[in-house]
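A look at the structure
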Amino acid sequence: MNITRTIKYEADRVKGFGDEVMKVPGCEKLKDCIQCGTCSGVCPLSVYMDYTPRQVMELTRFDFKKEVLSSKTIWLCASCYACTCECPREIRITDIMYELKQRAIHEGVYPRKFPIPVLAQEFEKMVTANGRISEMPLVMKLFMKTDPLGAMGNWQMGLDLMKTGRFSLASEKINNREQLAKMFAAAEEKA
Ligand code: SF4
Ligand code: SF4
């Protein structure tokens with residue numbers, strides 16, 4: 001993937017966005033970024049990203065909301081925490097990526113047909129409703145929403161996984177789903 005290099009204009013900023021992110025617990029130190037690029041250097045996935053982790057930090061801090069929320073970078077982040085461990089300013093880059101992902105889903109601005117945000121949403125819906133995921137329905141929903149023909153190209157792998165017990169057709173649900181709903185409601189209230 002090519003790194004995006006475009007001129008940014010003052011008019012593209014959504015004033016207050018960076019401050020909002022930096023108020024979230026765990027994201028406060030973003031203001032201390034010195035743009036050293038260590039995070040981009042250690043990130044195993046930065047070569048596939050449209051903005052490097054360093055760029056995402058800077059764009060976030062300076063209010064370029066659209067750029068970061070619609071970037072593929074936040075979805076390609078594999079949460080390996082290498083950047084967070086190495087950052088000389090102890091910035092929790094991985095947690096900031098999570099915060100940006102949540103905002104992207106909340107605002108519906110994630111890249112369309114990109115599988116990772118679609119998977120995250122379907123996963124969350126299924127766990128909220130049933131307390132567990134059901135592998136086959138989850139995978140089918142993912143393919144239907146991102147790449148309907150892709151399911152045909154992967155049937156052999158699905159079959160092999162089923163044969164070895166690594167992939168299930170069963171629809172899974174926990175008991176006492178009302179209690180789970182109450183827990184989610186309480187967590188929402190506190191958020
Ligand atoms: S490693 Fe830390 S200080 Fe350096 S660019 Fe990344 S976030 Fe900023
Ligand atoms: S946590 Fe994400 S951004 Fe940081 S190094 Fe790992 S993949 Fe890259």
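Look up a bit, the structure's there.
Presented here is an overview of the structure given in this document. Bear in mind that the values here come from a model prediction, so they are computed numbers and not experimental data. Note that residues are indexed from 1 along each chain, following the sequence as it is written. The lettering of chains begins at A and the numbering of ligands begins at 1, in the order of writing. Totals for whole chains, interfaces and linings use all residues, but because this is a predicted model, local features are given only for residues with pLDDT of at least 70 and pairs of side-chain atoms are given and counted only at 80 or more.

**Things to note about the overall build of the protein**
The test is simple: Every helix listed is a DSSP run of H or I at least four residues long, and every strand listed is a run of E at least two residues long, numbered separately from the N terminus. Here a residue counts as buried when 20 or more other C-beta atoms fall within 10 Å of its C-beta, as exposed when 12 or fewer do, and as partly exposed in between; the C-beta atoms come from the backbone. Two residues qualify as being in contact provided that their C-beta atoms, derived from the backbone, are within 7 Å of each other.
The helix and strand inventory of the protein stands at 12 helices and zero strands. Starting at the N terminus and ending at the C terminus, the protein contains elements arranged as α-α-α-α-α-α-α-α-α-α-α-α. In terms of overall dimensions, the protein has C-alpha extents of about 50 × 40 × 35 Å along its principal axes. Within the protein, the proportion of its 191 residues that are buried is 24%. A fraction of 65% describes how many contacts in the protein between residues 6 or more apart in sequence connect residues 24 or more apart.

**Structural notes on the site of ligand 2**
Inclusion rule: Each residue receives a C-beta atom built from its backbone; the residue is near a molecule or strand if that atom lies within 6 Å of it. Classes in brief: Ala, Val, Leu, Ile, Met, Phe, Trp, Tyr, Cys and Pro nonpolar; Asp, Glu, Lys and Arg charged; the others, Gly included, polar.
Cys43, Cys77, Cys80, Ala82 and Cys83 are the nearest of the 14 residues found near ligand 2. Secondary structure elements with two or more residues in the shell around ligand 2: helix H6 (82–86) and helix H7 (93–107). When its residues are assigned to classes, the shell around ligand 2 shows 12 nonpolar, two polar and no charged.

**Comments concerning the environment of Val56**
Along the chain, Val56 falls in helix H3 (residues 53–61). Along the sequence, Val56 and Ile74 sit 18 residues apart, while their C-alpha atoms lie 8.4 Å from each other. Apart from residues no more than four positions distant in its own chain, Val56 is found in contact with Tyr51, Val68, Ser71, Thr73 and Ile74.

**Focus on the site of ligand 1**
As a structural note, the neighbourhood of ligand 1 is formed by 14 residues, with Cys33, Cys36, Thr38, Cys39 and Cys87 the closest of them. If you list the elements that add at least two residues to the shell around ligand 1, you get helix H2 (38–42) and H3.

**Things to note about the packing of helix H8 (residues 115–130) against helix H9 (residues 135–146)**
Defined as follows: In this analysis an axis means a line fitted to C-alpha atoms, helices contributing only their contacting stretch, and an angle means the value between N-to-C directions, from 0 to 180 degrees. For classification, angles of less than 35 degrees are called roughly parallel, those exceeding 145 degrees roughly antiparallel, those between 65 and 115 degrees roughly perpendicular, and all remaining angles oblique. Each crossing gets its handedness from the near helix: less than a right angle anticlockwise from the far helix is left-handed, clockwise is right-handed.
Where H8 meets H9, the closest approach of the two axes is 10 Å, and the angle between their N-to-C directions is 140°. With respect to H9, the axis of H8 lies oblique. For the pair H8 and H9, the sense of crossing is right-handed. Taking contact as the criterion, the partners of Pro115, Val118, Leu119, Glu122, Phe123 and Met126 in H8 are, on H9, Leu138, Lys141, Leu142, Lys145 and Thr146. Partitioned by chemical class, the residues of the contact of H8 with H9 number seven nonpolar, one polar and three charged.

**Topic: the nonpolar core**
As a rule of thumb, soluble globular proteins bury nonpolar side chains together. Here is the rule: By our criterion, buried Ala, Val, Leu, Ile, Met, Phe, Trp, Tyr and Cys residues that link up through C-beta atoms within 7 Å make up a nonpolar core.
Ranked by size, the top nonpolar core spans 26 residues in total, and within it Val68, Ile74, Ile93, Ile96 and Leu100 carry the most contacts. Among the elements that take part in this core, H7 stands out by supplying five residues, more than any other. If we skip the residues at most four places from it in the chain, Ile96 touches Val21, Cys27, Leu30, Met57 and Thr60.

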